[in-house]
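Residue-level listing of the chains:
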Number of protein chains: 2
Amino acid sequence: MAFVNENYFKLSPSYLFAEISRRVETYRKEHPEKAASIIRCGIGDVTEPLPQACIKALHKAVDEMAVRETFRGYGPDYGYEFVRHAIAGEYRERGMTIADDEIFLSDGSKCDCANILDILGGGNRILIADPVYPVYNDTNVMAGNSDVSFLEGTDENGFVPPPPGTAADVIYLCFPNNPTGAVATREQLAAWVAYARKNDALILFDAAYEAYIRTAGIPHSIFEIPGASECAIEMRSFSKNGGFTGLRCGFVTIPKTALGKRKNGTLEAFHPLWARRQSTKFNGVSYPVQRAAEALYSEEGRAQVKDLTDFYMRNAKLLREALDKCEWQYIGGVDAPYLWVKCLPGKTSWDMFSFLLENVCIVSTPGSGFGKMGEGYFRLSCFNSRANIEEVCRRLSTLKVA
Amino acid sequence: MAFVNENYFKLSPSYLFAEISRRVETYRKEHPEKAASIIRCGIGDVTEPLPQACIKALHKAVDEMAVRETFRGYGPDYGYEFVRHAIAGEYRERGMTIADDEIFLSDGSKCDCANILDILGGGNRILIADPVYPVYNDTNVMAGNSDVSFLEGTDENGFVPPPPGTAADVIYLCFPNNPTGAVATREQLAAWVAYARKNDALILFDAAYEAYIRTAGIPHSIFEIPGASECAIEMRSFSKNGGFTGLRCGFVTIPKTALGKRKNGTLEAFHPLWARRQSTKFNGVSYPVQRAAEALYSEEGRAQVKDLTDFYMRNAKLLREALDKCEWQYIGGVDAPYLWVKCLPGKTSWDMFSFLLENVCIVSTPGSGFGKMGEGYFRLSCFNSRANIEEVCRRLSTLKVA
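Residues numbered from 1 in each chain as written. Chains lettered and ligands numbered in written order. Predicted model: local features only at pLDDT ≥ 70, side-chain atom pairs only at ≥ 80, totals over all residues. Heavy atoms only, no water.

Caption draft 1: Broad picture of the overall build of chain A. Assigned secondary structure in chain A consists of 11 helices and 15 strands. For 402 residues, the compact-globule estimate of 2.2 N^0.38 gives 21 Å, and the C-alpha radius of gyration of chain A, at 21 Å, lies within 12% of that figure. Projected onto the principal axes, the alpha-carbon positions of chain A cover approximately 60 × 55 × 55 Å. Within the span of chain A, comprising 402 residues, buried residues form 65% of the whole. A separation threshold of at least 6 residues defines the contact pool for chain A, and within that pool the share at least 24 residues apart is 72%. When the accessible surface of chain A is totalled, it reaches about 14200 Å², and 53% of it is carbon and sulfur. Chain A carries 45 positive and 49 negative side-chain charges, and their two centres are separated by 1 Å. (Helix = DSSP H or I, 4+ residues; strand = E, 2+ residues; numbered from the N terminus. Rg over C-alpha atoms; globule rule 2.2 N^0.38 Å. Buried < 20%, exposed > 50% of the residue type's maximum accessible area, 1.4 Å probe, protein only. Contact = heavy atoms within 4.5 Å. Areas by Shrake-Rupley, 256 points an atom, 1.4 Å probe, with all protein chains shown as cover. Lys, Arg positive; Asp, Glu negative; His and termini not counted. Charge placed at Lys NZ, Arg CZ, Asp CG, Glu CD.)

Here it is as structure tokens:
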């Protein structure tokens, strides 16, 4: 009989957002009169329409697919040259040395974060920040990687944990951070790159939220740090800058100079391994979606992305002001679309979830869902309509503890 | 230092179609005067535009994405209910008992065929037909599954190998077959289901080409066979019926009754494992693409799919007539868009590839690229314009061996 993957039974039974949905649904059923006033500040999904540049590009690409002469079937496994060139071009504009063929397009960053483990072997010592996006840890459990340590994010380190004293092989870093909204300075990232190079480790850098950075000098990419192209792979997404959560597109940047090793000690570049992985297990991104991604790099597209991220960052500012008025402690919301808020005294994350749901019909994300160090915090997302955010601010003001 | 996946070094260095492209490119450079007359009958990519029903659905969905009120962000990980319902509904129309939530939408069948191994454990005895779509074998090598046996497809068994005398745990079957174009009768599939049930094995059934079946009585789905829902998972694609090779969408059907086992002997359904896999490692299919997939099930869409597949099957008929006139031996092309042709006496598959390229500028796919048993054959694809197919037929006629 077919054996199933034993590792799946080591996973915690429920995925964070499924549990939130379940609890909200229960509350709705028990309080049907309040159902309409529930505002979700939980999940990090965008709410505003796609940029017009993308809409135009999508319509044009669909029209091409309707005519034999311009129809496109299978595209290149790694993405069309037009979009890889646009992406790598932006890196180069910002002073980084990234070649077009170091960009691998995908149908989303979640897939890349998960699938990257395919090219890594067993036996790696893995470091994951805590709190963290659950996918990093869950996919390691699924892959049977048992040597996973957590980097403790705390108030003291501002949720940017420094490199530990012990060696590791693979490190997950995410800045601007989901869920805390923390960003790493150039010096903090340089310390990580130095650590990785000293230990010949690989940094998996999730930069999905780079478009929200507003503070000058905060790196948008790990490759802004000298030496990173020898020890880092970067994951990027169009979900949050272009609002592609429903369109699905992201990419991973793998410099040809980033090396791992075989058990016999031979050094091997990750680049050809990922190329082989993608050509065997993936068949490219939907053509119209690639055209929409390309459009994000046009002059018009860039301006629209700026407007879109500015909109959410204005939401962040409103939420920060409301929290300040309540005198609640938080970080984030300055260079990231998330606020990481300390629970009221004596309340756990799920207590606070219930408190906010029951008192002001606001759905938050319990910090403990992101790891042990998230206990005592909750996440507020800035992805919402202005009207909803203003209403959330109004409701929060009623909670001011005197 | 980060260990890489050792198994990748057990893969053969070049992927079949990459090698074909390389050889065609070399030929083009050496014979620039012939470059324009090369006709590719190799890769199985569609050539005709998307059905109008899909084009309309795509434009409509793109317009929805342009407006806040109808914008859609993250969709359900397993696909929207509207498309899962349409797919499962077609199964039910055909008399099979498949629930909507037994359908999992994906961005293409290649991904599903590859990713399904994530939920299977190590130690499985794998059976793969030879010749075969290389992804089945390559992904098993990548996953470190070393107990892989091949079922020999031959002229004698019509490339529909019967179950072996020994037990296995996981069996890959693909009918209508890529590359041979062979189809399995109800009795032949029933023998496989009986074998799987006797051995508590799992059949991974690739039905990507079911829309090309024209002979009454040939099963379109493994689930037409009683008992299959306890021992089979089916992979389906919109690439070939709706021409979605550039749009990317497929699905996998996992009955809740299909079981595997843990090492301790406990039985476990595959369904919740795949659900967990997808919710952790995948983020759903592009919304406009899901609307296009749904459109394939409308009355208009069904008629257009019939026209589209009829078009390619007319190409198949023309190719069969041309091969008959040449008195070349082949199978396929009746219920599948591929013809599996015997090489001329004394020629290997790659000899024949060169012979066809050099003499009539036709690109074929060498049978040996699909496995040991493919040696001595080549594949002709019917995915081409009518003009190209007519020209191929004309050129083949010049090769008639007297």
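Back to the write-up after that little detour.
Caption draft 2: Local environment of empty space enclosed by the protein. Per the counting criterion, the structure on display carries 11 cavities of 30 Å³ or more. Lining the largest cavity are 19 residues; nearest its centre among them are D107 and N115 of chain A together with D107, C111 and N115 of chain B. Counting only elements with at least two residues in the lining of the largest cavity, the list comes to helix 4 (109–115) and helix 7 (270–281) of chain A together with helix 4 (109–115) and helix 7 (270–281) of chain B. Among the elements that take part in the lining of the largest cavity, helix 7 of chain B stands out by supplying 4 residues, more than any other. Of the residues contributing to the lining of the largest cavity, the split by class is 5 nonpolar, 6 polar and 8 charged. What the second largest cavity holds in volume is close to 80 Å³. Lining the second largest cavity we find 14 residues, and of these D107 and S286 of chain A together with D107, R248 and S286 of chain B sit closest to its centre. Here the residues of the lining of the second largest cavity sort into 6 nonpolar, 4 polar and 4 charged. (1 Å grid on protein atoms, 1.4 Å probe; cavity = no way out; pocket = protein on both sides within 12 Å on 5 of 7 lines; lining within 4 Å. Points joined across faces, edges and corners; volume = space filled by probe spheres on them. Nonpolar A, V, L, I, M, F, W, Y, C, P; charged D, E, K, R; others polar.)

Caption draft 3: Just unusual backbone geometry, in detail. Residues and elements named next belong to chain A. Residue P131 follows D130 across a cis peptide bond; omega there is 5°. Examined against the element boundaries, P131 turns out to sit in the loop between strand 3 (126–130) and helix 5 (134–142). The phi dihedral of F159 falls on the positive side, at around 60°, and the residue is not glycine. Tracing the chain through its elements places F159 in the loop between strand 4 (148–152) and strand 5 (170–174). Look at F159 and you get buried, because its relative accessible area is 3%. In the Ramachandran plot, C361 falls in the positive-phi region, its phi being about 55° despite a non-glycine side chain. For C361, the position within the fold is in the loop between helix 10 (349–360) and strand 13 (362–363). The exposure class of C361 is buried, given its relative accessible area of 6%.

Caption draft 4: Geometry of the relation of the copies chain B and chain A. Superposing chain B onto chain A requires a rotation of 180° together with a translation of 0.0 Å along the rotation axis, leaving an RMSD of 0.0 Å. Taken together, the rotation angle and the small translation identify this as a two-fold axis. Across chain B, the smallest distance between a C-alpha and the rotation axis is recorded for H59 of chain B, namely 3.1 Å. Comparing interface residues between copies, 100% of those in chain B also sit at the interface in chain A, which points to an isologous, same-surface contact. (Least-squares fit on C-alpha atoms with pLDDT ≥ 70 in both.)

Caption draft 5: Inspection of helix 3 (residues 81–93) of chain A at higher detail. Residues and elements named next belong to chain A. Taking 1.5 Å per residue, 13 residues should reach 18 Å; helix 3 reaches 18 Å between its end C-alpha atoms and fits that length. Of all the positions in helix 3, only F82, V83, R84, A86, I87, A88, G89, E90 and Y91 are classed as buried. Close packing links the buried residues of helix 3 with strand 2 (103–106), strand 7 (232–237), strand 8 (250–253) and helix 8 (287–295). In the stretch just after helix 3, G95 is the one whose phi turns positive, near 90°. (Expected span 1.5 Å × (residues − 1).)

Caption draft 6: Looking closely at the pairing of strand 5 of chain A. All names here are of chain A. Among the 5 residues of strand 5, 5 are classified as buried, and the element is accordingly described as predominantly covered. Burial along strand 5 is two-sided: the residues V170, Y172 and C174 and I171 and L173 are all buried. Both strand 3 and strand 5 contribute to a ladder of 3 bridges, which runs parallel. Note on strand 5: the bridge partner recorded for I126 is V170. Sheet topology note: the strand 5/strand 6 (residues 202–206) ladder contains 5 bridges and is parallel. (Pairing = 2+ DSSP bridges.)

Caption draft 7: Looking closely at the domain arrangement of chain A. Residue and element names in this part refer to chain A. Splitting chain A by domain gives domain 1 (8–50 + 301–397) and domain 2 (52–299). Centre-to-centre separation of domain 1 and domain 2, based on C-alpha positions: 25 Å. Each partner contributes residues to the interface: domain 1 has 37 residues there, and domain 2 has 50 residues. Among the residues of domain 1 in contact with domain 2, L50, R302 and D335 are the three that bury the most area, contributing 23% of the side total. A salt bridge links K372 to E152, with the shortest nitrogen-to-oxygen separation between them at 3.3 Å. Remark: the boundary between domain 1 and domain 2 carries 25 residue pairs in polar contact (both at pLDDT 80 or more). Secondary-structure elements contributing two or more residues to the side of domain 1 that touches domain 2 are helix 9 (299–326), strand 11 (330–332), strand 12 (338–342) and strand 15 (377–381). Here the side of domain 1 that touches domain 2 takes 11 residues from helix 9, the largest share from any one element. (Domains from an automatic or database assignment. Buried area = accessible area lost by both parts, 1.4 Å probe. Salt bridge = Lys/Arg side-chain N within 4 Å of Asp/Glu carboxyl O. Polar contact = N/O pair within 3.5 Å; in protein donor to acceptor, adjacent residues only side chain to side chain.)

Caption draft 8: Expanded view of the confidence of the model for chain A. In the predicted model, chain A carries a mean pLDDT of 95, and 99% of its residues have values of at least 70. Scored as a complex, the prediction yields pTM 0.96 and ipTM 0.96. (pLDDT = per-residue confidence, 0-100.)

Caption draft 9: Structural view of helix 8 (residues 287–295) of chain B. Of all 9 residues that make up helix 8 of chain B, 8 are buried, and the element is covered over most of its length. Where helix 8 of chain B is buried, its residues meet helix 2 (52–65), helix 3 (81–93), strand 2 (103–106) and helix 9 (299–326) of chain B.

Caption draft 10: Broad picture of the interface of chain B and chain A. Listed by partner, the interface residues are 87 residues for chain B and 87 residues for chain A. Between chain B and chain A lies a buried interface of about 7600 Å² when both sides are counted; carbon and sulfur atoms form 59% of it. Three residues stand out in chain B for area buried against chain A, namely M1, F3 and R276 of chain B, and they jointly supply 12% of the buried area on that side. For the interface between chain B and chain A, the tally reads 8 salt bridges.

Caption draft 11: Region of interest: the sheet that holds strand 12 (residues 338–342) of chain B. Residue and element names in this part refer to chain B. Pairing within the open sheet is antiparallel, and its 4 strands lie in the order 11-12-15-14. Each edge of the open sheet carries a strand with a single partner, namely strand 11 (330–332) and strand 14 (365–366). Sitting on the sheet, helix 9 is in contact with strand 11, strand 12 and strand 15 (377–381), with an inclination near 15° to strand 12. (Axes fitted to C-alpha atoms, helices over the stretch in contact; angles between N-to-C directions.)

Caption draft 12: Structural detail: the packing of helix 2 (residues 52–65) of chain A against helix 8 of chain A. Residue and element names in this part refer to chain A. Taken N-terminus to C-terminus, the directions of helix 2 and helix 8 make an angle of 150°; their axes are 8 Å apart at the nearest point. As helix 2 packs across helix 8, the resulting crossing turns out to be right-handed. Seen from helix 2, the contacting residues are A53, C54, A57, L58, A61, V62, E64 and M65; seen from helix 8, they are Y287, P288, V289, R291, A292 and A295. Of the residues belonging to the contact of helix 2 with helix 8, the class tally is 12 nonpolar, no polar and 2 charged. (Left-handed = near helix turned anticlockwise from the far one by under 90°.)

Caption draft 13: Structural context of the pairing of strand 2 of chain B. Residues and elements named next belong to chain B. Because side chains alternate across strand 2, one face comprises the buried residues I103 and L105, and the other comprises F104 and S106, equally buried. Here 4 bridges tie strand 2 to strand 8 (residues 250–253), and the two strands are oriented antiparallel to one another. Its bridge partner being in strand 8, S106 is matched across the sheet by G250.

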